[in-house]
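Geometric and topological summary
The lines below spell out each chain.
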Amino acid sequence: MGAAQVNRFRENRWVRGGLRAIATGFGAGRFPVAPGTAGTLVALPLWYWSGGWGVRHLLLLCAVLLVSVPAAREEMAATGSPDPGSVVIDEIAGMLLAATGIPWGARPVLLLFLLFRGFDVFKFGPAAWLNARRGPVYVVADDLAAGVCAGLAYRGITWLTG
C-alpha cells in the first residue's frame with residue numbers, strides 16, 4: 001500500500017512535553033527528596049474532589065490510568081532511566097486506586113496515605129514481582145499493586161477497630 005505511516009502524534013513536542021508534565025505530577029516528581037511521597041500528596045486533592053466513589057471518582061481513575069503508561073514511557077525515554085524517580089503518575093494512580101470506595105476524611109486520609117507509602121516503599125508479593133520487571137507498564141503496575149494492598153489493609157484495619 002504506500003509508505004509506512006508515521007505516528008506524528010508521538011513526535012509532537014507539545015504532546016511529549018504534556019506527557020512528561022503528567023508523568024512528573026506537574027513537577028512533584030522533580031522534588032529533590034522523596035518524590036514518590038510528593039506524588040502521593042498530589043493524589044490527595046484529586047481524592048477530595050472525587051469523593052472516593054461514584055462516577056466522578058471512577059472517571060478520574062480511568063483517565064489517570066489511561067494516560068499513566070504513555071506518560072511514564074515518555075519520561076523514561078527522556079531520562080534514559082528504566083524507572084526514573086521523577087515518574088510519579090504511578091503513585092497518583094495507586095493512591096487513587098487505594099482510595100476507591102473510601103470517603104474523604106482526616107482519619108482515612110492519614111491512615112491510607114501511610115499504608116500506601118509503606119506498601120509502595122517496602123514492596124513485597126505482587127508489587128515486588130512487578131517492580132522487578134522493566135517497562136512503563138510495570139513502572140505503573142507495581143504502584144497499582146501497592147494501592148490494592150493498601151486499600152485492603154485499610155479495610156481490614158477499619159473492620160478490626162470499628
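Read on for a plain summary of the structure. (Residues numbered from 1 in each chain as written. Predicted model: local features only at pLDDT ≥ 70, side-chain atom pairs only at ≥ 80, totals over all residues. Heavy atoms only, no water.)

**Observations concerning the overall build of the chain**
Helices and strands together make up the secondary structure of the chain, namely eight helices and zero strands. Beginning at the N terminus, the succession of helices and strands in the chain can be written as α-α-α-α-α-α-α-α. In terms of overall size, the chain behaves like a compact globule, its C-alpha atoms giving a radius of gyration of 17 Å where 162 residues would be expected to give roughly 15 Å. Counting only C-alpha atoms, the chain reaches 65 × 35 × 35 Å along its principal axes. The buried share of the chain, reckoned over its 162 residues, is 41%. Long-range contacts, defined as pairs at least 24 residues apart, comprise 76% of the intrachain contacts of the chain with a sequence gap of at least 6. On the chain, roughly 8,900 Å² of surface is accessible, and the fraction owed to carbon and sulfur atoms is 69%. Positive and negative side-chain charges of the chain, numbering 14 and 9 respectively, have mean locations separated by a distance of 4 Å. (Helix = DSSP H or I, 4+ residues; strand = E, 2+ residues; numbered from the N terminus. Rg over C-alpha atoms; globule rule 2.2 N^0.38 Å. Buried < 20%, exposed > 50% of the residue type's maximum accessible area, 1.4 Å probe, protein only. Contact = heavy atoms within 4.5 Å. Areas by Shrake-Rupley, 256 points an atom, 1.4 Å probe, with all protein chains shown as cover. Lys, Arg positive; Asp, Glu negative; His and termini not counted. Charge placed at Lys NZ, Arg CZ, Asp CG, Glu CD.)

**What to know about the pattern of salt bridges**
Tallied over the full model, the rule gives six salt bridges. The shortest N-O distance in the salt bridge between Arg20 and Glu75 comes to 2.7 Å. In this pair, Arg20 sits in helix α2 (residues 13–23) while Glu75 sits in helix α4 (residues 54–79), placing the two residues 55 residues apart along the sequence. Looking at Glu75, the relative accessible area reads 0%, which means it is buried. (Salt bridge = Lys/Arg side-chain N within 4 Å of Asp/Glu carboxyl O.)

**Examining the nonpolar core**
Trp47, Val64, Met95, Leu96, Leu112 and Ala150 are the most contacted members of the largest nonpolar core, which totals 29 residues. Counting residues per element, the ones that place at least two in this core are α3 (35–50), α4, α5 (89–98), α6 (106–121) and α8 (136–161). Setting aside chain neighbours within four positions, we find Leu112 in contact with Trp47, Met95, Ala98, Ala99, Ile102, Ala150, Gly151 and Tyr154. (Core = buried A, V, L, I, M, F, W, Y, C linked by side-chain atoms within 4.5 Å.)

**Details of the side chain of Ser68**
Its location among the elements puts Ser68 in helix α4. We classify Ser68 as buried; its relative accessible area is 1%. With residues up to four places along the chain from it excluded, the contact list for Ser68 reads Ile89 and Val140.

**Quick look at the packing of aromatic side chains**
Considering all chains together, one arrives at three aromatic pairs under this definition. Ring centres of Phe119 and Phe124 lie 5.6 Å apart, and the angle between their planes is 45°; this geometry places the pair in the tilted category. Take Phe124: its relative accessible area is 47%, and that puts it in the partly exposed class. Against the face of Trp49 rests Arg56, its NZ or CZ located 4.9 Å from the ring centre. (Phe/Tyr/Trp six-rings, centres within 6.5 Å; stacked < 30°, edge-to-face > 60°. Lys NZ or Arg CZ within 6 Å of the ring centre and 35° of its normal.)

**A word on a nonpolar patch on the surface**
Side chains of Trp129, Val137 and Tyr138 sit close together on the surface and give an oily, nonpolar patch of about 300 Å² of accessible area. Position of Trp129 relative to the elements: it lies in helix α7 (residues 126–131). (Patch = residues over 30% accessible without salt bridge, like charges linked within 9 Å, V, L, I, M, F, W, Y side chains within 5 Å.)

**A closer look at α8**
The end-to-end C-alpha separation of α8 is 38 Å, in line with the 38 Å expected for 26 residues at 1.5 Å each. Remark: Gly162 follows α8 within two positions and exhibits a positive phi of approximately 80°. (Expected span 1.5 Å × (residues − 1).)

**A look at the packing of α3 against α5**
Where α3 meets α5, the axes come as close as 8 Å, and the angle between the chain directions of the two elements is 45°. By the angle between their axes, α3 is oblique relative to α5. The crossing of α3 and α5 is right-handed. Between α3, through Gly36, Gly39, Thr40, Val42, Ala43, Leu44, Leu46 and Trp47, and α5, the contact on the second element is made entirely by Glu91, Ile92, Met95 and Leu96. Here the residues of the contact of α3 with α5 are counted per class, giving eight nonpolar, three polar and one charged. (Axes fitted to C-alpha atoms, helices over the stretch in contact; angles between N-to-C directions. Parallel < 35°, antiparallel > 145°, perpendicular 65-115°, else oblique. Left-handed = near helix turned anticlockwise from the far one by under 90°. Nonpolar A, V, L, I, M, F, W, Y, C, P; charged D, E, K, R; others polar.)

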